[in-house]
Every structure is written in structure tokens, then in C-alpha cells.
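# Fold and geometry: a report
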Amino acid sequence: MRVLSFLLFILLPSLLCSQTLVQTIYGTVIDRDSRTPLAGASISVVELSRPINAVSDSLGKFEIQNVPVGRIKLITSYVGYLNYTTDYILLNTAKELQLSIEMEENKNSQENVTVHAVRNPKLPVNRYSLAGARSFTAEETQRYAASANDPGRMAMAFPGVQATRDTRSDIIIRGNNPVNMQWRLEGVDIVNPNHFARKGSTGGGITILSLAMLDNSDFLTGAMPAEYGDVISGVFDMHLRKGNNLNRENTFKAGMIGIDYATEGPIKKGQSSYLANYRYSTLGLLELIGFNLVSERESNTFQDLSFNLAFNNKTNRSQWNVWGMGGISKETYAAVENVNEWKQYDDYAIYDFRTKMGAIGVGNILKINEKSFMRSSLVYLNQRLTFVDDTLNAQLHPSTVNDERYTNSRLSFATSYNYKFGASANFKAGTYITDMMYDFRSDKLNFNTHQIETITDGQGNTWLFQPYVQASIKPGTNWVINPGIHIMHLALNNKTTLDPRLSIQFRFNNKQNITAAYGLYSKVLPLGSYFYKQGSNYPNKDLDMMRSHHYVLAYDHLLGNSWRLHSEIYYQQLFQVPVVNDVNRTYWMLNELDGYADEALISKGKGINKGIDVSVEKFFSKGFFMITSFSVFNSTFQPLNGKNYDTRFNASTAGSWTGAKEINLKNNKVLQLGWKTIYNGGFRLTPLQAGASYTTREPVLDENKPFSEKISPYFRTDGRISLRKDKTKNAWQLALDIQNVFGIKNTDGLARRYDPSVNQWVYEKQSGLVPLLSYQIDF
């Protein structure tokens, strides 16, 4: 309450007349499909007392000076092209706004006619995505209450995504295991880019890449175009923004969970730029004042550094960038401090969990002629995870019961050729070539023999090849047809898949459309699962890739200029999922939240995800935005016995309601009030087998009743209040994000620990109310 009172004290005196502060907007206007500069395009800042206009030059460049700061909206028009309308963008006094405007040619336009149409500002960056995709911006992510500037946490508010836990960002899409989604950066698939990344998973604590580095990016939840491979559920397709190539700018942020510093500016003015960001975070300050975001016995820290260097030639025909990112994180779990209070196994169990991840890449966009261009990237990535479980004796001497060390490295090359036949057709062909290097080792104590046994053991490298072809065809005014095909070949066991894709959209008018999409998708298993060791053999090395048929029917309707209704019905049929070769067993690999296989499996499991997602969204306008979504679905699996069971992730229902309101105060101040409510019907668990004889410290599950128990629903409401102030040479923001406003401590069923001393699961409650105060200054 003291923090809230302090903020209100600052807000109330805002009675003085505001001073008109201005900023500069600059950028380029290009053809979306050929990347040809559009000379003579008209760019207008609208909804001002007097619109401000500019015209692009022969290179497509433009500059608009003396634009009043605050929320601004731009409309770009060009003869023969559909109008391009931005969302309401935040412009402040400390940062110039750089835009890359990509316009779509109108197939049926007449010469010297400008086409006016209502545009959905959340259309995906990837032009081949017709269903199950939307774009997002860094500034938009900041508006989501308690998102911690993390795209993964922001995605919890999107249709079809299920919230899991307060402290993890696992992306569970339409009942799918989070391992089925893919992270992509600068056009290349990357290993799990999260701090505290879990083995064999795509989730963790928070993304390593700071929000300050991101340009407009896409989030896809199904019906992915042909260029996306090694994925079953969805994609986070992220792009790095370029630094300001005219002036130096800085941002410093300090808060209750750490510090964040970003800097950008020109290397050679007007042609090249740098952008860099550093973060350090710890929960120590929160714990000192009595708030625990994690368990009282758990502590963690992380830090990361990322950069992007951009180089253009004078004509922008060739564009290069060199980028990198790296992060380290550490999490420890301590025993109960007083030895005399030890009563059960969990009291004296400890662990040490550390992750390191780094990547460096070089990218190039080469304009070949007026109709075609090539895009290429070369990236090296390395990730190392270590996890050690110990138990303490009364003298506090540790004994190791589990020791896991995984190193995953990749050298990836991606290239694509893009050709525009005209306004009615585009073509893209490309390939990904990845050298996958690995060093996996997992040792575990056998409590019966008291000997350490090796569970996972693999060192070496293998190759993954992924050529693809896709096209976009507009046979008439109302139709768009996007066919494609993706091929995958894994050299490790010589497995090859061929995946056709097709999406068809009919546009009733410029506000309504319906889309039908089909795709076959393949996914390589978490690499360590191929190296389960049984004696001297590796029984899983010949497992097939997991595969899935996707069917999607989507309807989209723009209501007026700022509202959107969107719904998608989907049916997903999974097959070749690893299961145990025993009709009496119900193990199905995709029920595991993370980890690698620790027994012999065969690729004969099946599964079905089906449901409907409905969302209503108000785009940011008149100081207000909102998105509400609700999903009803059913997620089942089938092991060898042919029976259908609920999957771990079959919560049946999920929903969210997110929004924010901005109030313009005097003296160039803006008050923002935001909220986010997320709901999940509750994940499922397999009960312990009743009356079993426990001769080991491992739980014996009742596989006749897989995932028949359901934990209580997950419900959380977050809040945000912030004050933003523009001054002549800097801008600052004071914000209070409150995670779990109502203090509801949800059951953390996914992090349960088995306690052999009492033959029970140990469940923990997740965090209650947690305030996160932060101050940011741009200068």
C-alpha cells in the first residue's frame, strides 16, 4: 500500500499546462514481396489537429520531423498498393522512431488509383501465414501486466495457450506438450533460449533475449507455412531490430528483480548501427522484504548480454547484420536449515541447477533485381545444462543421487530465394542445414544396489537437412492459395519425412475472411532421448520422428476500425509418438513436461487434440486496448493397448482477459492502468499405485489410470499501474506490476516431488501476491 500511495502522490499534482514536445520519425517503404523500394509513397501521421506528411525518396527513405510525442498512428499510401496502417505507436522524446513499412500490391488495382482498405494491425510479419498467426511488438509486450518484458509470458494471453505456473514460461498450445513448439530468431531455429532452460524442453524461467532487442515478430499456433519444420504445435518467430543509425540513445531500468541497460547508435552515420543490451536479475531484494516468487528454500540469479550490428550499403541493395546473445543462470535448492527439524526426505534433499546458452550469427539480405532477393544466415549456438541432486546427512555432507550434464551445440546455415511474379503470385524456396553436436551424460543412483548407473550417454554430431518450397497465389480478388512442401532428413538414423502444406483463404470483403488450412508436420525427438543406454546398446536410436496432421478452419472479422473477432476450429492427429513396447504400459513420451527418455521405446503412440479458440480483441485506440480469449478442447493419447486416455495437458478449458487504459494527464504525463487474468482448467496427474510394494525410492504409478487425477484449476490476476513522463531530452516511467493481485496460491502440480520416506507426493503452493516496482529512463 505504501508503494501505491507513493505513486498516487506523484499523479495528483499534474495540474500545470503541458508543453508541446516533438520527435522525429524515419524509415523506409518497400514492396512486401520483392523488397523493392517504393519511391513517392505518402506517409502521414494522422489523428492530429493537423496531419503531418512526408514522401519517400528514390530509395524508399522518408523522414518526418516535429511530430508531437505520445501515441501516434501512421497511414502510408502508394498507387496500386493497399494502404498500410500502423497500430498506435508510442513516441517519446528520448527515442527517435525507426519504421520499415512493407506494402502489399493490390492485384486488381487500376493505374493511378490508391486503394483504401481497413487493415488488421496484428497481421503476421510472415506473408505466407494465413491462419493461427499474429504479430506482436516490444512495446505491446510491455503493456501486458506482470509480463516481466518476456514474450513467453505475454503469449499466455493469446488464444489457444494454456498458463502453467507463476515462475515458468512453458508454451503449451492447444493441448500440446511444450516440446512441440519452436523458437526461431533471425530466420533460424535455435535451442531453448530461456534462462533455467529445462532439458529436452522449450520452456524455462524467462527468455534470454531482452525485449529491448526485438522488432515486430510473429507468434503462430498452428497451420504453419512450409518454411517451418521440426515443429508440431507453434512457433515464436522473432526478429531483431536495428539500432538508431543517426543518433545515440540509451535506456536504463532498475527494479526489484534487477537492472537492465540498453544502448544504440550509429557506427557510420546513416549506414550502420549498433544495439546492445545487458541484464542482471536476482530475487534477493524481494526475499528481503518478505515476498517469495519461488520457494523459500530456492534461490536463483541470471544475467544476459545481447547485441545486433547492422550494415547497409548506400543503395540498401545488400544488408548485413552480426548478432549475438548469451546468458547464464543458477538455481539452488537448500535443505531445511535446522537438522533437528528434518522429518522427511524432502527436508534434506538439495539440488544445484545451472544453464549457459550463447549464440552468434551473421545475416544477409541481397536484392538481386526488381523482382527477387535472397536471405541467408549462418549461426553457431551452444547450450550447457547441469543438474545435480544431492542428499545431506546430519553432518551436512552431500551424497549425489542424480548427476546430469548436457551440452547441445549447433552450426546452422539457412538460405532462401524469394521471387515475385507480380501482384498475383509469389514464390519462396530455401533450405536449412544444421550440424547438431552433442555431449549428453546422465548418471543416477540405484537405491537397491547403491551403484551409480548411466541412463543417458551420447557424444558426437549429426546433420539435419530441411529443404522447402512454398508459394502464394491470388487467382482473383477474393482468393489466396498458399501451397508448400517441407522435407526433413535426420542423418543420425537416416529418417526422412515429406510434409505437404496448404492454406486457402476467401475474403468476403476487406473486413471478413475465412481460411481453411491443412499441414503435415514432423518433429525430431529431444536429442538426448536417442541416447538412452541399456547395457551397451542404444535401443531408441532408430526411433521415428513424431508426426502430426493439422486441420484448421478460421474466421476473422474486423468490427469497425478497432475491434476484431477471431475464431479457429482445429483437429490435430498425432502419430509415431514414442511409447513402451508393452500393452500393459501407458507411458506416452509427450506426457512428460521435460527430460529425455529413460527406457526403451517404439514409435507407435497416437494422439488427438481438437477444440475451438475464440477471441475478441480491441486494437489500441482512444487510450485503450483489450484482448479476451476462451478455448474449449480435448487432448487424448493412445498407447499400444488401443485405448484413449486424457493427456497431462487436457485441462478442457482455458481463457484470458487482458487490457490496459492510458489516461493523458497534464505536464506531458500519462497514467497507465493494466490487468491480465488467466485461467486454466487444471492439468492431470497419474496417481500412485495403491498397495504397491515400494522397494526403491522411485514412485510406482498406477498406469491403469493414467492422468485420471486433476489438480485444481489455475487462476491468477495481475495488475499494473505506471506513470510515464516526457521531458525535453529524456523520458521516464515508474511502474508497479503486481503478480497475483488477489493472492491466490495455486497448486504447483507440475513441480511435485516424490518423498519415499512417506510414500507420497510433495506438492508446493505457488507464489502469492508479488509486487514488482521498477523505474526506467530513456535518454
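Data block above holds the structure.
Before going into details, it helps to say that this report is about the structure given with it. Fair warning: this is a prediction, and the values are worked out from it, not measured in the lab.

Rules of the game
- Residues numbered from 1 in each chain as written.
- Predicted model: local features only at pLDDT ≥ 70, side-chain atom pairs only at ≥ 80, totals over all residues.
- Heavy atoms only, no water.
- Helix = DSSP H or I, 4+ residues; strand = E, 2+ residues; numbered from the N terminus.
- Rg over C-alpha atoms; globule rule 2.2 N^0.38 Å.
- Buried < 20%, exposed > 50% of the residue type's maximum accessible area, 1.4 Å probe, protein only.
- Contact = heavy atoms within 4.5 Å.
- Lys, Arg positive; Asp, Glu negative; His and termini not counted.
- Charge placed at Lys NZ, Arg CZ, Asp CG, Glu CD.
- Patch = residues over 30% accessible without salt bridge, like charges linked within 9 Å, V, L, I, M, F, W, Y side chains within 5 Å.
- Areas by Shrake-Rupley, 256 points an atom, 1.4 Å probe, with all protein chains shown as cover.
- Salt bridge = Lys/Arg side-chain N within 4 Å of Asp/Glu carboxyl O.
- Pairing = 2+ DSSP bridges.
- Axes fitted to C-alpha atoms, helices over the stretch in contact; angles between N-to-C directions.
- Core = buried A, V, L, I, M, F, W, Y, C linked by side-chain atoms within 4.5 Å.
- Phe/Tyr/Trp six-rings, centres within 6.5 Å; stacked < 30°, edge-to-face > 60°.
- Lys NZ or Arg CZ within 6 Å of the ring centre and 35° of its normal.

This part is about the overall build of the protein chain. Regarding its fold elements, the protein chain presents four helices and 44 strands. Its C-alpha radius of gyration of 26 Å places the protein chain within 12% of the 28 Å reference for a compact globule of 779 residues. The proportion of buried residues among the 779 residues of the protein chain is 58%. Once local pairs closer than 6 in sequence are excluded, the contacts in the protein chain between residues at least 24 apart make up 65%. For the protein chain, the distance from the average position of its 81 positive side-chain charges to the average position of its 71 negative side-chain charges is 6 Å.

Looking now at a nonpolar patch on the surface. Among the surface-exposed residues, Phe 252, Ile 259, Tyr 261, Tyr 278, Tyr 280, Leu 305 and Phe 779 lie close enough to one another that they form a single nonpolar patch of about 610 Å² accessible area. Listed by contribution, the elements that provide at least two residues to the nonpolar patch are strand E19 (258-266) and strand E20 (272-282). Here Phe 252 shows up in strand E18 (residues 249-255). For Phe 252, a relative accessible area of 33% translates into the label partly exposed.

Ordered by their spatial adjacency, five strands build an open sheet running E9-E16-E17-E12-E13, and the pairing between neighbours is mixed. If you trace the sheet from one side to the other, it starts and ends with strand E9 (133-136) and strand E13 (188-190), each paired once. Across this sheet, the average inter-strand angle for adjacent strands is 25°, counted without regard to direction. Pairing of E9 with strand E16 (residues 217-220), which is carried by four bridges, proceeds in the antiparallel orientation. Within the sheet, the bridge partner assigned to Ser 135 lies in E16 and is Asp 218.

A few words on the pairing of strand E23 (residues 349-367). Pairing geometry for strand E22 (residues 318-333) and E23, over 16 bridges, is antiparallel. Across the sheet, Ser 318 pairs through a bridge with Leu 366, a residue of E23. Hairpin connection of E23 to strand E24 (residues 372-392): four residues between the antiparallel strands.

Attention now moves to the environment of Thr 431. With respect to the element layout, Thr 431 can be found in strand E26 (residues 425-446). Separated by 55 residues in sequence, Thr 431 and Ser 376 place their C-alpha atoms 9.8 Å apart. When neighbours within four sequence positions are excluded, Thr 431 is seen to be in contact with Phe 413, Ala 414, Thr 415, Gln 466, Pro 467 and Tyr 468.

Moving on, we get to the pattern of salt bridges. Within the structure shown, the criterion is met by 47 salt bridges. Between Arg 354 and Asp 352 there is a salt bridge whose closest N-O contact spans 2.8 Å. Overall, Arg 354 belongs to the partly exposed group, its relative accessible area being 39%. With a closest N to O distance of 4.0 Å, Asp 499 and Arg 501 form a salt bridge. With respect to class, Asp 499 is no different from Arg 501; both count as buried. One continuous salt-bridge network, built from bridges that share partners, spans Asp 87, Lys 122, Arg 134, Glu 140, Asp 556, Arg 564 and Glu 617.

Moving on: the pairing of strand E31 (residues 546-559). Within E31, ten of the 14 residues are buried, which leaves the element mostly enclosed by the surrounding structure. Bridge count for strand E30 (residues 512-523) against E31 is twelve bridges, and the pairing is antiparallel. The partner of Tyr 521 across the bridge, within E31, is Ser 548. Across 13 bridges, E31 lies against strand E32 (residues 563-579) in antiparallel orientation.

For Arg 143, the position within the fold is in helix H2 (residues 138-143). Overall, the relative accessible area of 3% leaves Arg 143 in the buried class. Distance in space between the C-alpha atoms of Arg 143 and Met 374 is 35 Å, their sequence separation being 231 residues. Apart from the residues lying within four places of it in its own chain, the contact partners of Arg 143 are Arg 71, Asp 87, Phe 620, Phe 625, Ala 660, Gln 672 and Arg 720.

Pairing in this open sheet of three strands is mixed, and the strands run E4-E1-E8 from one edge to the other. Two strands bound the open sheet, and with one partner strand each, they are strand E4 (61-68) and strand E8 (97-103). Taking the axes of each pair of neighbouring strands and ignoring which way they run, one obtains an average angle of 25° across the sheet. Bridge count for strand E1 (residues 22-31) against E4 is six bridges, and the pairing is antiparallel. Note that in E4 the partner of Gln 23 across the bridge is Val 67.

As a further point, take the environment of Tyr 763. Turning to its location among the elements, Tyr 763 is positioned in strand E43 (residues 760-765). Along the backbone, Tyr 763 and Asp 748 are 15 residues apart, and their C-alpha atoms lie at a distance of 6.4 Å. Once you skip the residues sitting within four places of it in the chain, Tyr 763 turns out to touch Leu 685, Thr 747, Asp 748, Gly 749 and Arg 752.

Counting 44 residues, the largest nonpolar core has Phe 158, Ile 171, Leu 185, Phe 219, Phe 236 and Met 325 as the members making the most contacts within it. Listed by contribution, the elements that provide at least two residues to this core are strand E12 (182-185), E13, strand E17 (235-238), E22, E23, E24 and strand E34 (624-638). The residues contacting Phe 158, other than those within four sequence positions of it, are Arg 134, Tyr 144, Phe 219, Ile 627 and Ser 629. One finds Leu 527, Leu 543, Tyr 596 and Leu 601 within the second-largest nonpolar core, a separate group that totals 33 residues.

A few words on the packing of aromatic side chains. Throughout the structure, instances matching the rule amount to 36 aromatic pairs. On the basis of an interplanar angle of 20° and a centroid distance of 6.4 Å, the ring pair of Tyr 417 and Tyr 419 is categorised as stacked. With a centroid separation of 5.2 Å and an interplanar angle of 25°, the aromatic rings of Trp 588 and Phe 637 are classed as stacked. Within this pair, whereas Trp 588 is found in the loop between E32 and strand E33 (602-621), its partner Phe 637 is found in strand E34, the two being separated by 49 residues in sequence. Note on Trp 588: relative accessible area 4%, which makes it buried. Given the relative accessible area of 0%, Phe 637 is considered buried. What links up through ring pairs into an aromatic cluster is the set Phe 136, Tyr 144, Phe 158, Trp 183, Phe 219, Phe 236 and Phe 625. Residue placement shows Arg 35 over the ring face of Phe 373; its charged tip is 5.8 Å from the ring centre.

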